[in-house]
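Chains, contacts and geometry: an overview
Here is how the chains run, residue by residue.
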Amino acid sequence: MKILFQFRRGFVGGFDDDDDEDKISLLQRQIEASPYTYENHVKLISVCRKKKEYEELFAARERMSELFPMTPELWIDWINDERKVGSSKLDLRTRLNSLYERALKDYPSVSIWSEYGSSPLALLEIHSKCDLDRVREIFERAITSVGIHVVQGSLIWESFRELEVYWLIQLKNNETASKKLETKNKVFGLFKRQLSVPLLGKFYSLIN
């Protein structure tokens, strides 16, 4: 069971910045002795990431995730590192999707949902209607979860519209007019749906 608070604060000191390997060993021992000291997990992840010790880094993240809910920032760093060292494209997509789903169980934040939905677009992975529908489903879930977030909810709506506009541009000249019209209607439909939600900045986003 994950711990929602820390039991005591840990401290790691007595090292110079060049002693990263010693820090890793010390932190690993301290975590072994006192696994519920939250700061030691964060520090171990930070040092391993700085040193690019990816095997130790991923192990440290897995262990922390078993004990604590991780912040959106920690999850996004993890996902970005997976992109750097991932293997085949198909395996990477499966791995990233798994991490996004795990992250959302810890914190269903706007930043994680936005990254999750925008990732296939950034990686140019939308090549078919099947790919498009898969990402649309993610954004629909995001809207249900955080689309009414007063301060940041507009980010989800904007990202969703960017997806539809991207697909509209990708439609080739030989596509039927009905398919293009269908996509245009989806874009306008998203505008209308957003207008019904009390969000900060929504009118600015709608005129840009």
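The structure presented is a predicted model; accordingly, all values stated were derived computationally and were not measured.

Things to note about helix α4 (residues 72-85)
- Look at α4: 20 Å from first C-alpha to last across 14 residues, which is about the 20 Å you get at 1.5 Å a residue.
- Buried within α4 we find Pro 72, Leu 74, Trp 75, Ile 76, Trp 78, Ile 79, Asp 81 and Glu 82.

Section: the confidence of the model for the protein chain
- A residue-level look at the protein chain finds 79% of positions with pLDDT of 70 or above and a mean pLDDT of 82.
- The spread of mean pLDDT over the elements of the protein chain runs between helix α10 (residues 202-206), the lowest at 49, and helix α2 (residues 38-51), the highest at 96.
- In this model, residues 5-15 is a region of pLDDT below 50 whose contacts with residues beyond four sequence positions or in other chains number 25 contacts.

Here we look at the nonpolar core
- Counting 45 residues, the largest nonpolar core has Leu 44, Met 64, Trp 75, Ile 112, Trp 113 and Ile 156 as its most contacted members.
- In terms of residue count, the dominant contributor to this core is helix α7 (residues 129-146) (seven residues).
- With sequence-adjacent residues up to four places away left out, Trp 113 is seen in contact with Leu 104, Pro 108, Ile 138, Arg 141, Ala 142, Ser 145, Val 146 and Ile 156.

Quick word on helix α1 (residues 20-33)
- In this model, α1 (14 residues) spans 20 Å end to end at C-alpha, consistent with the 20 Å of a helix rising 1.5 Å per residue.
- For α1, the set of buried residues is Asp 20, Lys 23, Ile 24, Leu 26, Leu 27 and Ile 31.
- Packing partners of the buried residues in α1 comprise α2 and α3 (54-67).

Some words on the side chain of Asp 81
- Structurally, Asp 81 is set in helix α4.
- With relative accessibility at 1%, the residue Asp 81 sits in the buried group.
- Once residues within four sequence positions are removed from consideration, Asp 81 is found in contact with Arg 49, Tyr 54, Leu 57, Phe 58 and Arg 61.

Regarding the packing of aromatic side chains
- Per the counting criterion, the structure on display carries six aromatic pairs.
- Considering the side-chain rings of Tyr 38 and Phe 68, the 5.2 Å spacing of their centres and the 90° angle between planes classify their relative orientation as edge-to-face. Placement of Tyr 38 in helix α2 and of Phe 68 in the loop between α3 and α4 is noted, with a sequence separation of 30 residues between them. Summarising the burial analysis for this pair, Tyr 38 and Phe 68 share the class buried.

Criteria and thresholds
Residues numbered from 1 in each chain as written. Predicted model: local features only at pLDDT ≥ 70, side-chain atom pairs only at ≥ 80, totals over all residues. Heavy atoms only, no water. Helix = DSSP H or I, 4+ residues; strand = E, 2+ residues; numbered from the N terminus. Expected span 1.5 Å × (residues − 1). Buried < 20%, exposed > 50% of the residue type's maximum accessible area, 1.4 Å probe, protein only. pLDDT = per-residue confidence, 0-100. Contact = heavy atoms within 4.5 Å. Core = buried A, V, L, I, M, F, W, Y, C linked by side-chain atoms within 4.5 Å. Phe/Tyr/Trp six-rings, centres within 6.5 Å; stacked < 30°, edge-to-face > 60°.

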